[in-house]
Amino acid sequence: MDRVIVGGISGAGKTTLALLLSRRLDLPYVDFDSLFHGPGWTERPTFRDDVEAFIAGDRWITDSDGYAVVRDLVWDRADTLVWLDYSRARVMTRVIRRTIGRVVLRRRLFNDNRERLLAAFVDPQHPVRWAWTQHGRRRAANLRRVADPRWRDLSVVRLRSPRETREWLTRLVRV
């Protein structure tokens, strides 16, 4: 595991797991959200170039399989996909809790952006709405992708619950 994607829908726990794996495996980590989001939640013009520069390295981990403009580039370079394929109920609980925490604590995110609670109800790109509307589509898309011969050399670890994830991490530490 030298070039790892931790994938899944918003709220699955990708960032938490990627950071943990980054420390355990001594892999450089970058959050693609931080490369993508500029001030005012606008797309940064250097996003694709920044991603290409990061994945050009021999070893890395990221917590994103979702940006369509770079998805094939990242999958082509990755050797492992750790897919957090959790239930919609679990993901929604997590993403709502995370959003409320960010709003209440006024947490600064990428390039000084902050989440707004109202956006969760009106903005289709907000993680809460995105997780709800895209959960089934993303699962189906990932199933197609992992079955695609183009990525037959990609090692896929599909984890369907936090318990499976903990058990996998325990086995990983023993190896």
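Residues numbered from 1 in each chain as written. Predicted model: local features only at pLDDT ≥ 70, side-chain atom pairs only at ≥ 80, totals over all residues. Heavy atoms only, no water.

(A) Region of interest: the overall build of the protein. Assigned secondary structure in the protein consists of 8 helices and 5 strands. Reading the helices (α) and strands (β) of the protein from amino to carboxyl end gives β-α-β-α-α-β-α-β-α-α-α-β-α. Rg of the C-alpha trace for the protein: 16 Å, near the compact-globule value of 16 Å for 175 residues, within the 12% margin. If one aligns the C-alpha atoms of the protein with their principal axes, the spans along those axes are about 45 × 35 × 30 Å. Residues counted as buried form 42% of the 175 residues belonging to the protein. Residue pairs at least 24 apart in sequence account for 71% of intrachain contacts in the protein once pairs closer than 6 positions are excluded. (Helix = DSSP H or I, 4+ residues; strand = E, 2+ residues; numbered from the N terminus. Rg over C-alpha atoms; globule rule 2.2 N^0.38 Å. Buried < 20%, exposed > 50% of the residue type's maximum accessible area, 1.4 Å probe, protein only. Contact = heavy atoms within 4.5 Å.)

(B) Region of the structure containing helix α3 (residues 47–55). Here α3 has its buried residues at Phe47, Val51, Phe54 and Ile55. The arc enclosing the buried residues of α3, seen along the axis, measures out at 90°, which places them on a common side. Structurally, α3 contributes buried residues whose contacts are with β2 (29–30), α2 (32–36), β3 (60–62) and α4 (68–77). (Arc of directions from axis to C-beta.)

(C) Quick peek at the pattern of salt bridges. This structure, assessed with the given rule, holds 9 salt bridges. Here Arg59 makes a salt bridge to Asp2, at a shortest N to O gap of 3.1 Å. With Arg59 in the loop between α3 and β3 and Asp2 in the segment before β1 (3–8), this residue pair connects regions lying 57 residues apart in the sequence. Arg59 gets classed as partly exposed once you look at its relative accessible area, which sits at 32%. For the salt bridge of Arg158 with Asp85, the shortest nitrogen-to-oxygen distance reads 2.6 Å. In this pair, Arg158 sits in strand β5 (residues 155–159) while Asp85 sits in the loop between β4 (80–84) and α5 (88–105), placing the two residues 73 residues apart along the sequence. Using a relative accessible area of 5% as the deciding quantity, one classes Asp85 as buried. Among the charged side chains, a salt-bridge network with shared partners connects Asp72, Asp76, Arg145 and Arg150. (Salt bridge = Lys/Arg side-chain N within 4 Å of Asp/Glu carboxyl O.)

(D) Quick peek at the nonpolar core. Grouped together as the largest cluster of nonpolar side chains are 21 residues, with contacts concentrated most on Val6, Leu17, Leu21, Ile61, Val82, Leu84 and Trp168. Elements with a contribution of two residues or more to this core: β1, α1 (14–25), β4, α5, α7 (127–147), β5 and α8 (162–174). When near neighbours in sequence (up to four residues on either side) are disregarded, Val82 contacts Val4, Ile5, Val6, Gly7, Leu17, Val157, Leu159 and Trp168. Among the nonpolar cores identified, the runner-up in size contains 19 residues, and Ile5, Trp75, Trp83 and Trp151 belong to it. (Core = buried A, V, L, I, M, F, W, Y, C linked by side-chain atoms within 4.5 Å.)

(E) Representation of unusual backbone geometry within the structure. Positive phi is not limited to glycine here, since Asp26 has a value of about 55°. Here Asp26 is to be found in the loop between α1 and β2. Overall, Asp26 belongs to the exposed group, its relative accessible area being 59%. Residue Trp41 is not a glycine yet carries a positive backbone phi of 60°. Along the chain, Trp41 turns up in the loop between α2 and α3. Since its relative accessible area comes to 35%, Trp41 is described here as partly exposed.

(F) Molecular detail of α5. Over its 18 residues, α5 extends 25 Å from the first C-alpha to the last, a length consistent with the 26 Å expected when each residue adds 1.5 Å. Among the residues of α5, Val91, Met92, Val95, Thr99 and Arg102 are the ones counted as buried. Down the axis, α5 shows its buried residues gathered within 105° of arc, on one side only. Set apart from the buried face of α5 by more than 90 degrees, the exposed residues are Ala89, Arg97, Val104 and Leu105. Looking at the packing, one finds that the buried side of α5 touches α7. Just downstream of α5, Arg106 is the residue with a positive phi angle, here 50°. (Expected span 1.5 Å × (residues − 1).)

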